[in-house]
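Structural features, examined
Residues per chain are reported as follows:
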Amino acid sequence: MLAYVLRRLAGAVAVLWAAFTVSYLILYLLPSDPVAIMLDQGAGGERVDPERVAELRERYGFDQGPLQQYVTLLGRTLTGDLGTSISSGAPVSGLIADAFPETAKLAGLALALALVAGVGIALLASWTRAAWLRDLLLALPPLGVAVPGFWVGLVLLHLFSFTWFVFPAVGNEGFASLVLPTVTLAIGLAAVVAQVLSQGLREAWRAPYVETAFAKGSGRARVLGAHVVRNGSLPTVTVLGVLVGNLLGGTVVVETVFSRQGFGRLVENAVTTQDIPVVQGLVVVAAAVFVLTSLLVDLVHPLLDPRVLAGAHGRTGGGAR
Amino acid sequence: MTLTTRPGTGATTTGPVDPAPSGGPLRVRGLRVAYGDREVVHGVDLDVRPGEVVALVGESGSGKSTTAHALIGLLPDGGRVTAGEVTLGEGPTPLTGLLPDAWRRVRGVRVGFVPQDPGTALDPVVRVGEQVAEALVVHGTPRRAARERAVEILAEVGLDRPRERARQYPHQLSGGMRQRVLVGIAMACEPELVIADEPTSALDVTVQRRVLDLLADLTGRAGTAVLLITHDLAVAADRADRVVVLKDGVVVEEGPAARVLGAPEHPYTRELVAAVPGRNNVPSASAPDAGPEPGAPDDTAPSGAGAVAGTATGTAVARTDPGTDPGPGATPALLEVRGLVKEFRLDRRERLRAVDDVSFAVPRGSAFALVGESGSGKSTTARLVLGLERPDAGAVELDGAPVGADRATRRRTQLVHQDPYSSLDPRFTVAAVVEEPLRAHRVGDRAERRERVAQLLQQVHLSPDLARRRPAELSGGQRQRVAIARALALDPELLVLDEPTSALDVSVQARVLELLARLRAERGLTYLFISHDLGVVRQVADHVGVMSDGRLVETGPVGRVFDHPAHPYTAELIAAIPGARTAAQHPDRKDLT
Amino acid sequence: MTRGLALLRTRPAALVALVIVVLVLAWALVPGLFTGQDPITGVPADKLQAPGAAHWFGTDHLGRDLFSRTVHGTSLSVRAALLAIGVALVAGSGVGLLAGFLGGPVDDALMRATDVLLAIPGLLLSLAVVTALGFGTVKVAIAVGVASVATFARVMRSQVLRVRHATYVEAARLAGAGRGAVLLRHVLPNAAGPVLALAAVELGAVILAVSALSFLGYGATPPTPEWGSLVAEGRDYLAVAWWYSTLPGLVIALFVLAVGVLGRALTRETRTDR
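Residues numbered from 1 in each chain as written. Chains lettered and ligands numbered in written order. Predicted model: local features only at pLDDT ≥ 70, side-chain atom pairs only at ≥ 80, totals over all residues. Heavy atoms only, no water.

1. Things to note about the overall build of chain A
Where we set the bar: Runs of H or I in DSSP of at least four residues are treated as helices and runs of E of at least two as strands, each being numbered from the N terminus. Buried residues are those whose accessible area, probed at 1.4 Å on protein chains only, stays under 20% of the maximum for their type, while exposed residues exceed 50% and partly exposed ones sit between those limits. Residue contacts follow a heavy-atom distance rule, with two residues in contact if any of their heavy atoms lie within 4.5 Å.
Each helix and strand in chain A was counted, giving 14 helices and 0 strands. Going from N to C terminus, chain A has its helices and strands arranged as α-α-α-α-α-α-α-α-α-α-α-α-α-α. Within chain A, the proportion of its 321 residues that are buried is 51%. The contacts in chain A between residues at least 6 apart in sequence include a share of 72% that link residues at least 24 apart.

In structure tokens, the structure reads:
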């Protein structure tokens, strides 16, 4: 067990380091010149002072070779310093720390709502013997996956803020302002949870051990509760890390639609101003959230599936995106 | 724990007895089952009296498993009982038409069920003891008492350290242990009837024997009625008082086991019985060293098991110890295997010696069989011979040259795989499959190859019309013939046959074995035959090597090894083969056909 | 082919989905056939008109016909989605094929790399690429494609491994077929089906991602019509013109739904082929 935990920990650290490296490769080594991009943004199209170019190059370390640059950046990141924003000059870690609590609230609520709705749909569809109800319930997830999040947000805004005046349209003030963004963010996630879980439950129902349980004289409720749910939920548990990562990605759109401050809005601003240090910091933080969630899942997984420790199962965290 | 502990069974039942009694715990009348609009069971009648074992036998698709599932109300989705009545015991309520709630009070309590595959029939994420206890809890036993009783049950089904086992998960138990747990679950509430659906077909033969002994012991002591579903006539012969033969959803014959299997009346039963490969307790049909040249192919009647056995085992080779004692008229060894060792890494520290110092020689034109249970190393040995794996030590020589050195020697050895469903590329046509070796070795031009493919298909008795079909459109037997044709395309000298018939129904198996025997005779092929089925081995091989835990524990002529095993493991293996009971009653099986 | 037709007959949902997909693809190819109105220059007097017989989807703040803009925007959105899928399919399948077929350390290295790509949420990965490449529909398409590479690599690799260890491939090797012949004649054809089915299923997700990025303003530059940016433009008129964002968004949702239904039908088909 200890060896298993240590192995997972080491894996998590390695993935985090690699995520940093990938974001570095994308942001700093692609052909576009970061300093040119920065100055274009800052100067608003005026001619730029060559002295300022040199100064910026030095400040961000672009005068160094790629490898040296990478090592410098990595060293700084390890001490918790993610650099400074180009557009505002503020430290990136401070920006993220300020933005994170609002987004954590939103994402946490959305995750809870999505799990309740997704698990509810899947369980009810698995439980019911009425074909029409099952068909209706199973038609929902494909629908939820297909609707664009930004569009759902706008439709909800139109209905609940501009037509019925139930919830505020924008801002971070109070619980009421969280309702529509939470629903918007949760729909896609709930659909994925419902899809993966109902697929897992469907397969579990077909497993021979279900027949064994029925042959013992167990009723449907008991078979579902004691065997089908435990086995059928394993695939959902393993994709939870990816789902939480996607949730964070989803906040970019949702916070933009509802004009909320937070992680997603920070991303949107940083990309729009091509603020490279901020974008990299955000990517690394998002990867860290994914890695932490996956680590938690990995640590809980052996309790749900004893075969994991025996090495009978593959690694977790992959699969659907 | 033998069958004789049970009253009213065993070899004492000879000759026809009364027709099925009118009463008894299980009474099935006119049972019809359909999937959607397709009826698969057409009016089956069945009776099982208390303390009686009835075997329901049939090939795949006969409806035997569907019948079993209908009897406990567990048909898969889309399946339903359309007509007929099932009653159990004195109770006037028929089982047919029970509501789910009422079924719950029947299953487990009055009818126990032993499923087919112990690998998947236990929930992988629930402790074993908990799964046994569940059978008691659902019928009202308090949880704590049920857990205690579960440990006792595990002890009763013969698990060592039952208290510890109860806390383990299924993947920590062997297949045989898991099947014992399933027997324990079925018997937990001491039901009136146990339905066992192919309970041991996934197990090795020695394990199979022990599990069937256990089932017989427990049900015998409790006077339980047993309905045993099986495709294996030998198991039915050994274990059942009465046999019901099912074909295409219709009962074609039923009666006392000894009568039905000893003197079958219906042509289909006769065909089935005839198709069962050679039996071990029959004094060897052909003395190993007395056989003439293999019989001409056409003198084997299509359904003559005895005759096939006679041709297949009669070859002019007689050596008790390969490599040292070339018999009269024997050619020098074509295949020579010396001191073969193969290890696999299990993890950082542990290594598994899959093949451990194995040596044998196969003379040209003979058939050498490697037998053993799963994990014995027989398949790995075959892969080493084929050059698919590299040995860690030892040598494989074909005609004195090391195997796999170059393409030219490699084409002299070909393989027929176990599973004809996976050994053919689903996207290839039959013609393309057979042509592939010719293309790869650039044999002839397109027209010549097409001609050769047609010849090969003809040789394996496949209609030329099949050449353009794809594997999915063929039956299992046809697919295996295609695989054989492909193996023959390059005119190999040695054919490695890895369980070539174990995925096939018994009547299909008989025809494929017949084809293999004829091809060997016609083409002077040498066979290395891998099998767990000693009956098949007896039929096709001249010499046999018995493998256990990677070691070759005994080799010799088939007749000598089977009739007078020298190694205790061989003796155990042979004793475990089902079919001893009828064979003992019918010393000469040739008169059956 | 006949089996495909039979499938459509037994599954009415697949038939409806096919009609929708074909219709939208026709919009992309010959938009002029479906609407005669100009998507770029509008009639200011007609601005912000509700949907009606003259303007099925209503008009926007410049008096342009929104149905026409949606139909004309289809081409750009669909082409971007196809480009993204193409990037993901080619790069991902290449990586997966190499990893699965070569095995050993190559496999390890490539699979660790895809693990990392999976660790970064898809949308953020795309945004990072957009930050580096700059804005525009083609760059957005490439960015979205990059985010899907890992998924394709994994599926292709697992398919290649499945086929490579299949008994029929061993049989082919024993028959004397070389590595190249095995790869071309057995592995690729048998692995391709599920990967192409994945492409069909992923197409929906890619359309959503492309329109999300252009909704955020990283895609097409105005006045060029494009699905995501149409919805974004309507955002400012949400209180007064519900149709502006709603109807183009509905088209996106319907098309993605239809593509999903067809993709799943295709996946089922390739599964039964095994």
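2. Quick word on the domain arrangement of chain A
Put simply, the rule is: Domain delimitation follows an automatic or database domain assignment.
For chain A, the assigned domains read domain 1 (2-78) and domain 2 (92-272). Computed from C-alpha atoms alone, the centre-to-centre distance between domain 1 of chain A and domain 2 of chain A is 34 Å.

3. Thoughts on the interface of chain A and chain B
Counted only if it meets this: Here, a salt bridge means any Lys or Arg side-chain nitrogen found within 4 Å of an Asp or Glu carboxyl oxygen. The definition of a polar contact used here is a pair of N or O atoms within 3.5 Å, where within protein one atom must be able to donate a hydrogen and the other to accept one, and adjacent residues in sequence count solely through side-chain atom pairs. As a working rule, the residues Ala, Val, Leu, Ile, Met, Phe, Trp, Tyr, Cys and Pro are called nonpolar, Asp, Glu, Lys and Arg charged, and the rest polar, with Gly in that last group.
Between chain A and chain B, the residue contacts involve 23 residues of the former and 27 residues of the latter. Taken together, chain A and chain B are joined by 2 salt bridges. A salt bridge links K216 of chain A to E134 of chain B; the nearest nitrogen and oxygen atoms lie 2.8 Å apart. Between chain A and chain B we count 13 residue pairs in polar contact (both at pLDDT 80 or more) in total. Elements with a minimum of two residues in the side of chain A that touches chain B: α9 (208-215) and α10 (220-232) of chain A. Per-element tally for the side of chain A that touches chain B: the top contributor is α9 of chain A, with 7 residues. Its residues assigned to classes, the side of chain A that touches chain B shows 10 nonpolar, 6 polar and 7 charged.

4. Section: the interface of chain A and chain C
Rules: Accessible area that two parts lose when put together, evaluated with a 1.4 Å probe and summed over both, is termed the buried area.
Taken together, the contact pairs 48 residues of chain A with 44 residues of chain C. Between chain A and chain C the total buried area reaches about 4000 Å² when both faces are included, carbon and sulfur atoms providing 73% of it. Linking chain A with chain C are 0 salt bridges, by the criterion used here. Along the contact surface separating chain A from chain C lie 7 residue pairs in polar contact (both at pLDDT 80 or more). For the side of chain A that touches chain C, the class distribution of residues is 33 nonpolar, 12 polar and 3 charged.

5. Quick notes on the sheet that holds strand β4 (residues 79-88) of chain B
All names here are of chain B. Note the following rule: The criterion for strand pairing is that DSSP finds at least two bridges linking the strands in question. To get an axis, fit a line to the C-alpha atoms, keeping to the stretch in contact for a helix; angles then go from 0 to 180 degrees between the N-to-C directions.
The strand order across the open sheet built from 3 strands is β2-β1-β4, with neighbouring strands paired in antiparallel fashion. At either end of the open sheet lies a strand with only one pairing partner, and these are β2 (38-48) and β4. Sheet twist, expressed as the mean angle between neighbouring strand axes with direction ignored, is 5°. When strand β1 (residues 26-35) meets β4, the two strands line up antiparallel, connected through 8 bridges. Bridge pairing in β4 places Y35 opposite G79. Here helix α1 (residues 64-71) sits on the sheet and contacts β1, β2 and β4; the angle it forms with β1, its principal contact strand, is near 115°.

6. Observations concerning the pairing of strand β10 (residues 333-345) of chain B
Residue and element names in this part refer to chain B. As defined by bridge partners, β10 adjoins strand β11 (residues 351-363) across 9 bridges and the pair is classed as antiparallel. For A333, the partnering residue across the bridge sits in β11 and is P363. The pairing of β10 with strand β13 (residues 393-398) spans 5 bridges and is classified as antiparallel. Across the sheet, residue V341 finds its bridge partner in β13, namely A393.

7. Focus: helix α6 (residues 137-164) of chain C
In plain terms, the rule: Helix span, expected: 1.5 Å multiplied by one less than the number of residues in the helix. The reported bend at a residue is simply the angle between two axes, fitted to the 7 residues ending at it and to the 7 residues beginning with it.
With 28 residues, α6 of chain C ought to run about 40 Å at 1.5 Å a step, and its terminal C-alpha atoms sit 39 Å apart, in line with that. A maximum bend of about 40° is found in α6 of chain C at S148 of chain C.

8. Some thoughts on the confidence of the model for chain A
Residues and elements named next belong to chain A. Let me state the cut-off plainly: pLDDT: the predictor's confidence for each residue, scored from 0 to 100.
Residues with a pLDDT of 70 or more make up 89% of chain A, whose mean pLDDT is 85. Taken element by element, chain A is modelled with least confidence in helix α2 (residues 34-43), mean pLDDT 60, and with most confidence in α9, mean pLDDT 94. Scored below 50 in pLDDT, residues 312-321 makes 31 contacts in the model with residues more than four places away or belonging to other chains.

9. Observations concerning the side chain of H227 of chain A
Within the element layout of this structure, H227 of chain A appears in helix α10. Here the side chain of H227 of chain A touches D123 of chain B through a polar contact of 2.6 Å, side chain to side chain. Ignoring any residue separated from it by four or fewer positions in sequence, one finds H227 of chain A in contact with Y209, A213 and R222 of chain A together with D123, V126 and E134 of chain B.

10. Structural notes on the packing of aromatic side chains
Spelled out, the test is: Between 30 and 60 degrees the pair is tilted, below 30 it is stacked and above 60 it is edge-to-face, where a pair is any two Phe, Tyr or Trp rings, Trp via its six-membered ring, whose centres lie within 6.5 Å.
Inspection of the entire model under this criterion finds 15 aromatic pairs over all chains. Ring geometry for Y24 of chain A versus Y70 of chain A: centroids 5.2 Å apart, planes at 55°, classification tilted. Here the residue Y24 of chain A occupies a position in helix α1 (residues 2-29), and Y70 of chain A occupies one in helix α4 (residues 66-78), the gap between them amounting to 46 residues. Aromatic pair F150 of chain A and F215 of chain C: ring centres 4.6 Å apart, planes at 15°, arrangement stacked. Taken together, the residues F150 of chain A in helix α7 (residues 149-163) and F215 of chain C in helix α8 (residues 179-215) connect one chain to another. Accessibility expressed as a relative area gives 2% for F150 of chain A, which makes it buried. Look at F215 of chain C and you get buried, because its relative accessible area is 5%. The structure contains a cluster of three or more aromatic residues connected by ring pairs, namely W27, W56, F57 and F67 of chain C.

11. Side note on helix α3 (residues 66-102) of chain C
Residues and elements named next belong to chain C. End to end, α3 covers 52 Å across 37 residues, agreeing with the expected 54 Å (1.5 Å per residue, within 8%). A maximum bend of about 30° is found in α3 at G73. At the C-terminal side of α3, G103 shows a positive phi close to 65°.

12. Considerations on the pattern of salt bridges
All names here are of chain B. What the rule picks out here adds up to 57 salt bridges over all chains. E39 is the partner of R32 in a salt bridge, and the nearest nitrogen-oxygen pair spans 2.8 Å. Put simply, R147 and E130 hold a salt bridge, and the shortest N to O gap is 3.0 Å. Of this pair, R147 sits in helix α4 (residues 143-156) while E130 sits in helix α3 (residues 128-137), and the two are 17 residues apart along the sequence. For R147, a relative accessible area of 40% corresponds to the partly exposed category. Exposure remark for E130: the relative accessible area of 25% places this residue in the partly exposed category. Each member of the salt-bridge network shares a partner with another, and the members are E343, R351, R353, D356 and R551.

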